[in-house]
Amino acid sequence: MSRSVLVTGGNRGIGLAIARAFAQAGDKVAITYRSGEPPQELTALGVLAVRCDITDSEQVEQAYKEIEDAHGAVEVLVANAGITKDTLLMRMSEEDFASVVDTNLTGTFRVVKRANRGMLRAKKGRVVLISSVVGLLGSAGQANYAASKAALVGFARSLARELGSRNITFNVVAPGFVDTDMTKVLTDEQRAGIVGQVPLGRYAQPEEIAAAVSFLASDDAAYITGAVIPVDGGLGM
Ligand code: NAD
């Protein structure tokens, strides 16, 4: 069964691993990316890459039109795109706060709302949101990021209640520390400090997050909705 799958922020890191996993399973995959060029390996797998900034509703609408023309309505949405702007509270500008919320939370709202148009018509759909263990535990210097990621849990659980009767599931994956560009900015000392707190004693690979997402989108997860699945090496327990 080949489904129409959309992964936001699918050009690198966790999103790239998720897009690759769906494409290799035979799904019709589209990714959105904000800048740069889409990776060759995805193009070679037949993945449709659409440039789209999720802070702009008009770009989101255009991206969906392009994807629907190519693959039909989106049946599986993975809202993965996200940013950090880390700084301590007293140095955090309103712009630092608002831009993180506008991407991580409101951007997710924009893509989820648009995907649900087709999912309601089809009377089925799967939505997986990429939150973070930081949203559950909090993190000094990341109040904006943690707030946006915690909010995704309330958002998903509300929609799980609102749209369960329409056969649309909403689940959240909460990764711990994953080896991607987002965490490459950390110093060796910071990385060692983090790894020291992780029961499994290492960072996750992006493919380990993709495996949980693939499961939540599969038939085996048909009765799971409103769940928050940590993939964090035990960090958040
Ligand atoms: P990354 O920085 O490598 O990739 C982020 C992706 O989001 C990129 O594709 C980027 O183009 C996209 N993006 C950012 N702002 C966008 C916008 N306005 N419009 C469209 N796309 C936009 O990060 P990553 O580590 O792969 O993270 C992916 C997701 O996983 C993020 O939501 C992140 O918060 C979350 N996460 C990451 C980690 C980690 O340790 N790396 C841990 C927990 C959660």
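Look above for the structure.
Our subject in this report is the structure included herewith.

The rules we used
- Residues numbered from 1 in each chain as written.
- Predicted model: local features only at pLDDT ≥ 70, side-chain atom pairs only at ≥ 80, totals over all residues.
- Heavy atoms only, no water.
- Axes fitted to C-alpha atoms, helices over the stretch in contact; angles between N-to-C directions.
- Helix = DSSP H or I, 4+ residues; strand = E, 2+ residues; numbered from the N terminus.
- Left-handed = near helix turned anticlockwise from the far one by under 90°.
- Contact = heavy atoms within 4.5 Å.
- Nonpolar A, V, L, I, M, F, W, Y, C, P; charged D, E, K, R; others polar.
- Near = heavy atom within 4 Å.
- Polar contact = N/O pair within 3.5 Å; in protein donor to acceptor, adjacent residues only side chain to side chain.
- Areas by Shrake-Rupley, 256 points an atom, 1.4 Å probe, with all protein chains shown as cover.
- Phe/Tyr/Trp six-rings, centres within 6.5 Å; stacked < 30°, edge-to-face > 60°.
- Buried < 20%, exposed > 50% of the residue type's maximum accessible area, 1.4 Å probe, protein only.
- Lys NZ or Arg CZ within 6 Å of the ring centre and 35° of its normal.

### Looking at the packing of helix 3 (residues 57-71) against helix 4 (residues 94-122)
Packing of helix 3 against helix 4 leaves a shortest axis separation of 10 Å and a crossing angle of 40 degrees. As for the relative orientation of helix 3 and helix 4, their crossing is right-handed in sense. Residue-level inspection shows Ser57, Val60, Glu61, Tyr64, Lys65 and Glu68 of helix 3 in contact with helix 4, the latter providing Arg110, Val111, Arg114, Ala115 and Arg117. Classifying every residue of the contact of helix 3 with helix 4 by side-chain character gives four nonpolar, one polar and six charged.

### Focus on the site of the ligand
Lining the immediate surroundings of the ligand are 28 residues, of which Asn11, Asn80, Tyr145, Val178 and Thr180 lie closest. A distance of 2.9 Å separates an oxygen atom of the ligand from a polar atom in the backbone of isoleucine 14. Measuring from an oxygen atom of the ligand, one finds a side-chain N or O atom of tyrosine 145 at 2.5 Å. For the ligand, the protein covers 97% of the area, taking 820 Å² as the surface of the free molecule. At the level of secondary structure, the elements contributing two or more residues to the shell around the ligand comprise helix 1 (13-24), helix 6 (143-163) and helix 7 (181-184). The biggest single contributor to the shell around the ligand is helix 7, with three residues. When grouped by side-chain class, the residues that make up the shell around the ligand number eleven nonpolar, twelve polar and five charged.

### What to know about the packing of aromatic side chains
All chains considered together, the criterion is met by one aromatic pair. Ring geometry for phenylalanine 177 and tyrosine 203: centres 6.1 Å apart, planes at 55 degrees, overall tilted. Of this pair, phenylalanine 177 sits in the loop between strand 6 (168-175) and helix 7 while tyrosine 203 sits in the loop between helix 8 (188-197) and helix 9 (206-217), and the two are 26 residues apart along the sequence. Of the residues examined, tyrosine 203 reaches a relative accessible area of 7% and is grouped as buried. It is arginine 191 that lies over the ring of tyrosine 203; its NZ or CZ is 4.2 Å from the centre.

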